[in-house]
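A closer look at the structure
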Amino acid sequence: MEGLYAYVNQKKMRRGITTGTCAAAAAFGAASLLFSQRKDGVSIVTPAGLSVALSFFRQERQEGYAWCSVKKDAGDDPDVTDGAEIQVRISRTMEMAGGKGAGWYEYQEQKVHLFLGPGPGVGVVTREGLSCPPGMGAINPVPREMIFEQVLRACREAGETGSFYLTVSVPGGEEIAGKTFNPRLGIEGGISVLGTKGIVEPMSQEALVETIRLEIRQRAAAGEKEILAVPGNYGERFLEKTLGISPEQGVKCSNFLGSLLDFAGEYGIRRILLIGHGGKLIKLAAGIMNTHSSVADGRMEILGAWAGAWGAGAERVGRILSCITVDEALGILEEEPSLLQPVMKSVMERIAVHLAGRAGNTVEVEAVLFTNERGIIGMTSGAEALIDQWKKGQKDGK
């Protein structure tokens, strides 16, 4: 594959291929086999402009249909679909295509009319707001185009015309989907066939950011104007055990707080209550909107600077700067009874300023910081009222 490697944080890492690219290659193999032109593999130019040569994993021709599969290779990206078998089956009749009862995507070019649907292991969309309409297979627009393109290519090579029905299947796909955001997004029965570039970048952030965007767009399509947001599992547990709010109501935003605010503004969300561990969200006080440790830290510098501003001596500030965890630094602040409260008040005020600056005038954002040892360690001025509002709404069943 051309451009096989990419450099991430000064490390040479191997690129992978998307499920969409796998499905497109398998579609070419299946169509060629149906036309009695068996192939061992195919080269595809992806939307990213990189050429990939893929070998077929398995293929078979039966009376009335043929199918072919490609093994997903995610490269050095930690993708749960790595190693999955992406199968495409093709037939001249709907009955022999092996679909799962969802709607069919259609494409027609001159004398070739193509229909595409999900097979076993590929999910079906059940809610508004995604790239695929409800009732249709979770086969995103770019992969659909790639699949249709490769079937048309096989038709041209074999001189074939007419109508063809294709289904994409993934053995074990429903189990794999349980490790993804699909159940949360209302995609039932399997994984999604994804990929806007056809290439998986190693340690890519794009998939996570896209999932955040989709969930916010979906909630906006359902008429929601206010959302809860948590970076991850700690936040969800805190919602449920400490605040008594169902974690299912929260949008997981991982480290991408800036993207969360951008998408909220784009899709008309008016209010956000952000709840997260202090070890992550305290970075917001310095305007850090991607809180991954590989991007920026600054936790101890934030606490040390405000401790100094409120009268802590050089020795105490130096100890704070040497801390590993936020809880350890808070313990040092607690040694001086008059220090912790004003420091955290100042930190929360700066967090409010930076959140408002990124969110703009259309989105109100409040934040709650906690640690597992201490519980809530800080709230912005309007956070408590929002918490009460969420609790009341949950009790009223809204």
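Heads up: these notes are all about the structure in this document. This is a predicted model, so every value here is computed, not measured.

**What to know about helix 6 (residues 233-241)**
Taken residue by residue, helix 6 has Gly235, Glu236, Phe238 and Leu239 as its buried positions. Buried residues of helix 6 fall within an arc of 165° about the axis and therefore sit on the same side.

**Remarks on the packing of aromatic side chains**
Within this structure, the stated rule accounts for 5 aromatic pairs. Each ring, one from tryptophan 104 and one from tyrosine 165, has its centre 5.4 Å from the other, and the planes form 85°; the classification is edge-to-face. Residue tryptophan 104 is found in the loop between strand 8 (85-91) and strand 9 (105-109), and its partner tyrosine 165 is found in strand 13 (residues 162-169); the two are separated by 61 residues along the sequence. Each ring, one from tyrosine 107 and one from phenylalanine 148, has its centre 5.4 Å from the other, and the planes form 20°; the classification is stacked. A residue pair is termed long-range when its members are at least 10 positions apart, and tyrosine 107 in strand 9 and phenylalanine 148 in helix 2 (residues 141-158) qualify at 41 residues. With relative accessibility at 32%, the residue tyrosine 107 sits in the partly exposed group. In textbook terms, an aromatic cluster arises when at least three aromatic residues are bridged by ring pairs, as seen for Trp104, Phe115 and Tyr165. Taking the ring centre of phenylalanine 57 as reference, the NZ or CZ of lysine 71 above it sits at 4.9 Å. Here the basic side chain of arginine 144 rests over the ring of tyrosine 105, its NZ or CZ set 3.9 Å away from the ring centre.

About the thresholds
- Residues numbered from 1 in each chain as written.
- Predicted model: local features only at pLDDT ≥ 70, side-chain atom pairs only at ≥ 80, totals over all residues.
- Heavy atoms only, no water.
- Buried < 20%, exposed > 50% of the residue type's maximum accessible area, 1.4 Å probe, protein only.
- Helix = DSSP H or I, 4+ residues; strand = E, 2+ residues; numbered from the N terminus.
- Arc of directions from axis to C-beta.
- Phe/Tyr/Trp six-rings, centres within 6.5 Å; stacked < 30°, edge-to-face > 60°.
- Lys NZ or Arg CZ within 6 Å of the ring centre and 35° of its normal.

In short, the description is geometric, and any link to function would need to be established separately.
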